[in-house]
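# Report on the structure
Below are the chains, spelled out letter by letter.
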There are 2 protein chains.
Amino acid sequence: MNGAESLINSLADAGVELCFANPGTSEMQLVAAIDQQPRMRAVLCLYEGVVSGAADGYGRMAGKPALTLLHLGPGFANASSNLHNARRAHSPILNMIGDHATYHLQYDAPLTADIQGFASPVSAWIGVSSSADDLAATGLEGWARSQEYPGKVCSFIAPANHAWEESQATPSIPTLAESPKASDELITQATEALSNAGGKAIMLGGRALREDALVQAGRIAEATGARIITETFYARHERGEGRVAVERLPYFGEQAQDFLKELENIVFIGTKPPVSFFAYPEKPSWLSPEGANLVQLADVNTDALDALTRLADELGCPAEPTLFQERNTFELEQGPANALELGKIMANRMPEGTIVSDEGATNGLFVYAMTPGAAKHDWLTLTGGSIGQGLPLSIGAALACPDRKVIALQADGSAMYTVQALWTMARENLDITVLLLNNSSYAILNIELQRVGIDNPGPTALSLLDLSNPTIQWTEIATGMGIKAQKVTQVQELDDAFAAAMAERGPRLIEIIL
Amino acid sequence: MNGAESLINSLADAGVELCFANPGTSEMQLVAAIDQQPRMRAVLCLYEGVVSGAADGYGRMAGKPALTLLHLGPGFANASSNLHNARRAHSPILNMIGDHATYHLQYDAPLTADIQGFASPVSAWIGVSSSADDLAATGLEGWARSQEYPGKVCSFIAPANHAWEESQATPSIPTLAESPKASDELITQATEALSNAGGKAIMLGGRALREDALVQAGRIAEATGARIITETFYARHERGEGRVAVERLPYFGEQAQDFLKELENIVFIGTKPPVSFFAYPEKPSWLSPEGANLVQLADVNTDALDALTRLADELGCPAEPTLFQERNTFELEQGPANALELGKIMANRMPEGTIVSDEGATNGLFVYAMTPGAAKHDWLTLTGGSIGQGLPLSIGAALACPDRKVIALQADGSAMYTVQALWTMARENLDITVLLLNNSSYAILNIELQRVGIDNPGPTALSLLDLSNPTIQWTEIATGMGIKAQKVTQVQELDDAFAAAMAERGPRLIEIIL
């Protein structure tokens, strides 16, 4: 047995089932070890941004880490912007980064780089194997750390010689840490806040947006009159018919401030007081009402279900809420396709259990607004603001939940960032429907241009926000990567195409001209 | 005037003419300032790996930095693997990284990240603006540092409020540093080494591969009998008819060792003693013959032309060499297209002044071998080993040299990494011919798999090196991005397609099925 086999076998023993990979020469022994380990599935991605985004999607849906296989510092660098998103999503991910043999580093060969430097900004923990015998233990430590509540991006470096040298190590699988719990004092503070008169809310993020936690939030809301508000961008929200309904904080700061302005008491669980996504001249960064009583009951790293349950009990709420989201369906308004009608179509037709990877940007907000009463589904958003997450995320979700329909609600500008994801959808025959929202624009930036005070942009400025000239033909690109694709311009065409996609299995792309 | 205008105007005054950009909200004032500065051209790229690779190509060919415009830490992260290559190429690049307003950082909004952490592994210098008044001076310092011989990747952070706040700063343009010169003592050592009997060579890299420096190398070679050997992967080699011919060090370590084995004295100019690209079990990392006399006359940061000229003078060489590369043309062998015949076609048909961006991987080596006697041209290689450089590099070269033909000799696996580059070629109507070498494989890895000692790879291992299933249809992808594309399978078809591409202007892609 070599170090690579010791590592991969140990991780398989720990329950790691999936490796998203783009290997190079320095990782060939790791590839061979995965090849020999039938409990580990390897999925090739044609760019490392797809690897990391897929691992994020898997982590959000499986609740445990996938392994990534990355080629030295530059391979990690390509993965790192989607790891930034994953870090913000608190997804468990275990990055396995190949490196030169330790004795080769002194020569500064072309691919030599500061891997720890690359990894630091996005990793909660970085391990470096010290020997072939240590490689498996290093990987297992990363595996355990990646599952510290609610999930962490962890990375370890696997030098090539530690992979190929002999090892007899069979380290024991570490015990996973318990989730940290909110203090009794904070439960008391939150109880007092929600017992006050005046406008009140519980604001939820992270794990507080799962169905079980939302039931507890529903108890509290019904008993106290508190609103239930979610952070704008979260890793995963279980919503739809039969679940406790929530309000979502608006994206734009002014709207968010207005949305919150009546509140005198806010309790935060799984999130923190909201701030504007960007700073703007003459606009506030801090969004909570001045003088409001803000209680941070549980930050994102504190057990949200436990905190909500104890809070509801302390408040003396009834054991179950009575109000749940009803099913909503819509009549379509025929005409050119648009985000509102798309939202209606999705509300009407998404099967129960659908997972939506929402990188729809400006249009995604409309679709979200129309779908609270769809059949039960999961909604995953762009947590870190680094575009190019949506398509890879849907890959990871589809692999974590092979029996569920996955929809990638995808803006065109962001789709181009990790367009290579389409190929992996085809190769793995994943049940993903890509709704490619083609408005030939970085549309959000046209709004932001005005919001930062630029009222008369010239042709150069506008050209930097424009994706026409040439117009991207998404059906051609999808076909080139092996995905069945169709272009629609009208609501009826869209409804028909969406219905067909929901009725069949396998990857496809519907390009929606907006 | 705001800080952004002060900055962009100062950089334009310093001679910066081009900005490769993918902006976001925090860079809108920078966009507006570029919009108002007619001496600054902005080129939109649909992924930051294209931005940085293009800046590398521009730096190699223009000999001065382009500006990049990157959206906070994650935008920089996407650029960083091609910046790794640019760092290895010693290209001058000035990265302008937008950031949140300084007062907004405390809130840890979603896109907040450790920008300096991201930038450190690939930047020779990092500047952080301290105020609106300081922004232009920070940019200018980066501009000057980026041109420290022979070129450096420099990065500076532009907080959004420094861009939008008022500034009257008009800092003076810094004086550029002189190139460091080799010491007289090293000239003497090198002279002695090349005066010895026995096998001898001068080994060249970096700026030593430009025509003027090669003339000096030719003087030395003819007078001393020294071989002229180049490093395997260099930023830019001026080669072809009428230039001094060189030998290129083989890629594989064993071959390189064999290639060097007769040498007793080696003088290095613009490079250092060669090492194997990767480490392999039971194979050497260090490639120079044991006991050979190695003289590091000029490292890559020391003036190569000066060192070669002084060495030739000290050796008493005649003022000019007499031997120059002759023109070679070839008869084609008809049949299925292959790299050897492609090399012949390029040797026959490349017009003088062609620039070749070689990311052809395994096939690129054959093409290189067939083209020393082509018309005068520049050959640019993958310097840092991080794939995805070739297409962006060709964009930068085409913008630096709009009157020259550019050929992107491009392997399929690498092409997919930064496939978004095709769109920018179309938008800017660049005179680039992409020769897409489609072997549906990471072919080099199949070789490397054996070289690291894995003799019986199983289906999982092989699948991770395989790009078929589905087969990528490059003509579809290119068409989708607005590029004229054609697929060829036969030598005659390839010859005709290449001839047509050389006869016309504008971007096109020829997919060559190998």
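Residues numbered from 1 in each chain as written. Chains lettered and ligands numbered in written order. Predicted model: local features only at pLDDT ≥ 70, side-chain atom pairs only at ≥ 80, totals over all residues. Heavy atoms only, no water.

Attention now goes to the overall build of chain A. Looking only at helices and strands, one finds 20 helices and 18 strands in chain A. The C-alpha atoms of chain A give a radius of gyration of 24 Å, which matches the 24 Å a tight globule of 514 residues would have. Considering chain A as a whole, with its 514 residues, one finds that 67% of them fall into the buried category. Taking all contacts inside chain A whose residues are at least 6 apart in sequence as the whole, residues at least 24 apart take part in 80%. (Helix = DSSP H or I, 4+ residues; strand = E, 2+ residues; numbered from the N terminus. Rg over C-alpha atoms; globule rule 2.2 N^0.38 Å. Buried < 20%, exposed > 50% of the residue type's maximum accessible area, 1.4 Å probe, protein only. Contact = heavy atoms within 4.5 Å.)

What follows concerns the interface of chain B and chain A. Every contact between the two is made by 95 residues of chain B and, on the other side, 95 residues of chain A. Asp108(B) is the salt-bridge partner of Arg88(A), the closest N and O atoms lying 2.8 Å from each other. In this structure, the connection of chain B to chain A is made through 51 residue pairs in polar contact (both at pLDDT 80 or more). At 9 residues, the largest contribution of residues to the side of chain B that touches chain A is made by helix H4 (residues 72–89) of chain B. (Salt bridge = Lys/Arg side-chain N within 4 Å of Asp/Glu carboxyl O. Polar contact = N/O pair within 3.5 Å; in protein donor to acceptor, adjacent residues only side chain to side chain.)

So, on to the side chain of Asn82(B). Residues and elements named next belong to chain B. Assignment of secondary structure puts Asn82 in helix H4. Here Gly388 takes part through its backbone oxygen, which lies 3.1 Å from a polar atom of the side chain of Asn82. Not counting residues up to four positions away in its chain, the partners in contact with Asn82 are Gly49, Ser52, Gly53, Asp56, Ser386, Gly388, Gln389, Pro392 and Thr418.

Our focus in this paragraph is the environment of Asp403(A). Residue and element names in this part refer to chain A. Here Asp403 is to be found in the loop between helix H14 (390–400) and strand E15 (406–411). Under the relative-accessibility criterion, Asp403 is labelled exposed at 74%. Residues Asp403 and Arg219, spaced 184 residues apart in sequence, show a C-alpha to C-alpha distance of 31 Å.

Attention now goes to the pairing of strand E6 (residues 153–159) of chain A. Residue and element names in this part refer to chain A. Of all 7 residues that make up E6, 7 are buried, and the element is covered over most of its length. Burial along E6 is two-sided: Val153, Ser155, Ile157 and Pro159 facing one way and Cys154, Phe156 and Ala158 facing the other are all buried. Two elements, strand E4 (residues 93–99) and E6, share 7 bridges in a ladder whose sense is parallel. Along E6, the bridge assignment pairs Met96 with Phe156. One ladder, built from 4 bridges, connects strand E5 (residues 125–128) with E6; its direction is parallel. Within the sheet, the bridge partner assigned to Ile126 lies in E6 and is Ser155. In this view, the connection linking E5 to its parallel neighbour E6 by way of helix H6 (residues 132–145) has right-handed handedness. (Pairing = 2+ DSSP bridges. Right-handed = clockwise from strand over helix to strand, strands pointing away.)

For the rest of this paragraph, the subject is the relation of the copies chain B and chain A. Superposing the two chain copies requires a rotation about an axis and a translation along that axis. Mapping chain B onto chain A is achieved by rotating through 180 degrees and translating by 0.0 Å along the same axis, at an RMSD of 0.0 Å. Such values leave the two copies arranged in the relation of a two-fold axis. For chain B, the residue whose C-alpha comes nearest the rotation axis is Ile477(B), separated from it by 2.2 Å. When you check the interface residues of chain B against chain A, 100% turn up at the interface there too, and the contact is symmetric in its surfaces. (Least-squares fit on C-alpha atoms with pLDDT ≥ 70 in both.)

Looking now at the domain arrangement of chain A. All names here are of chain A. Examined at the domain level, chain A breaks down into domain 1 (3–164), domain 2 (184–314) and domain 3 (339–513). On a C-alpha basis, the centres of domain 1 and domain 2 stand 35 Å from each other. Taken residue by residue, the interface counts 7 residues in domain 1 and 10 residues in domain 2. It is Arg60, Tyr149 and Pro150 in domain 1 that bury the most area against domain 2; as a group they hold 67% of the surface buried on that side. Taken together, the links from domain 1 to domain 2 amount to 0 salt bridges. (Domains from an automatic or database assignment. Buried area = accessible area lost by both parts, 1.4 Å probe.)

Once that is clear, we can look at the side chain of Asp99(B). Mapped onto the fold, Asp99(B) is located in strand E4 (residues 93–99). One buried charge, Asp99(B), has no salt-bridge partner; the nearest side chain with opposite charge is Arg88(A), at 9.6 Å. (Lys, Arg positive; Asp, Glu negative; His and termini not counted.)

All names here are of chain A. All chains considered together, the criterion is met by 0 disulfides over all chains. Left without a disulfide partner, Cys45 is nearest to the cysteine sulfur of Cys19, which lies 9.2 Å away. Take Cys154: it sits in no disulfide, and the sulfur closest to it among the cysteines is that of Cys19, at 16 Å. (Disulfide = S-S within 2.5 Å.)

Taken as a whole, this structure holds 54 salt bridges over all chains when the rule is applied. Where Arg505(A) meets Asp431(A), a salt bridge forms, and the shortest distance between an N and an O atom there is 3.3 Å. Of this pair, Arg505(A) sits in the loop between helix H20 (491–503) and strand E18 (508–513) while Asp431(A) sits in the loop between helix H16 (421–427) and strand E16 (432–438), placing them 74 residues apart in sequence. In this structure Arg505(A) comes out as exposed when scored by relative accessible area, which is 57%. For Asp313(B), the salt bridge is made with Arg219(B), and the minimal N-O distance between the two is 2.8 Å. You can see Asp313(B) sitting in helix H11 (residues 304–314) and its partner Arg219(B) sitting in helix H9 (residues 211–224), a full 94 residues away along the chain. With relative accessibility at 6%, the residue Arg219(B) sits in the buried group. In the salt-bridge network here, residues are joined through shared partners; they are Arg236(A), Glu238(A), Asp378(A) and Arg404(A).

Below, the discussion takes up the packing of aromatic side chains. By the definition in use, this model includes 17 aromatic pairs over all chains. Here the aromatic rings of Tyr47(A) and Tyr47(B) are separated by 5.7 Å at their centres, their planes lie at 90 degrees, and the arrangement is edge-to-face. Residue Tyr47(A) is found in the loop between strand E2 (41–44) and helix H3 (48–62), and its partner Tyr47(B) is found in the loop between strand E2 (41–44) and helix H3 (48–62); the two belong to separate chains. Since its relative accessible area comes to 2%, Tyr47(A) is described here as buried. Ring pairs connect the aromatic residues Phe233(A), Tyr251(A), Phe252(A), Phe277(A) and Phe278(A), which therefore count as one cluster. One Lys or Arg, Arg227(A), reaches over the ring of Phe259(A) and ends 4.7 Å from the middle of that ring. We note Arg248(B) situated over the ring of Tyr368(B); from NZ or CZ to the ring centre the distance is 4.3 Å. (Phe/Tyr/Trp six-rings, centres within 6.5 Å; stacked < 30°, edge-to-face > 60°. Lys NZ or Arg CZ within 6 Å of the ring centre and 35° of its normal.)

Another aspect to go through is the sheet that holds strand E12 (residues 293–298) of chain A. All names here are of chain A. With respect to topology, 5 strands assemble into an open sheet ordered E10-E8-E7-E11-E12, the strand pairing being parallel. Of all strands in the sheet, those with a lone pairing partner are strand E10 (247–248) and E12, marking the two edges. For strand E7 (residues 199–204) and strand E8 (residues 227–230), the ladder comprises 4 bridges, and the chain directions are parallel. Bridge pairing in E8 links Ala201 to Arg227. Packed on one face of the sheet, helix H9 (residues 211–224) meets E7 and E8 and runs near 180 degrees to E7. (Axes fitted to C-alpha atoms, helices over the stretch in contact; angles between N-to-C directions.)

Another point: the sheet that holds strand E6 (residues 153–159) of chain B. All names here are of chain B. Taken together, 6 strands build an open sheet; the order of strands is E2-E1-E3-E4-E6-E5 and the sheet is parallel. The strands lining the two open edges of the sheet, one partner per strand, are E2 and strand E5 (125–128). Sheet twist, expressed as the mean angle between neighbouring strand axes with direction ignored, is 20 degrees. Here helix H2 (residues 28–35) sits on the sheet in contact with strand E1 (18–21), E2, strand E3 (66–71), E4 and E6, set at roughly 150 degrees to E3. Strand contacts of helix H14 (residues 390–400): E1 and E2, with the helix running at about 155 degrees to E1, the strand carrying the most contacts.

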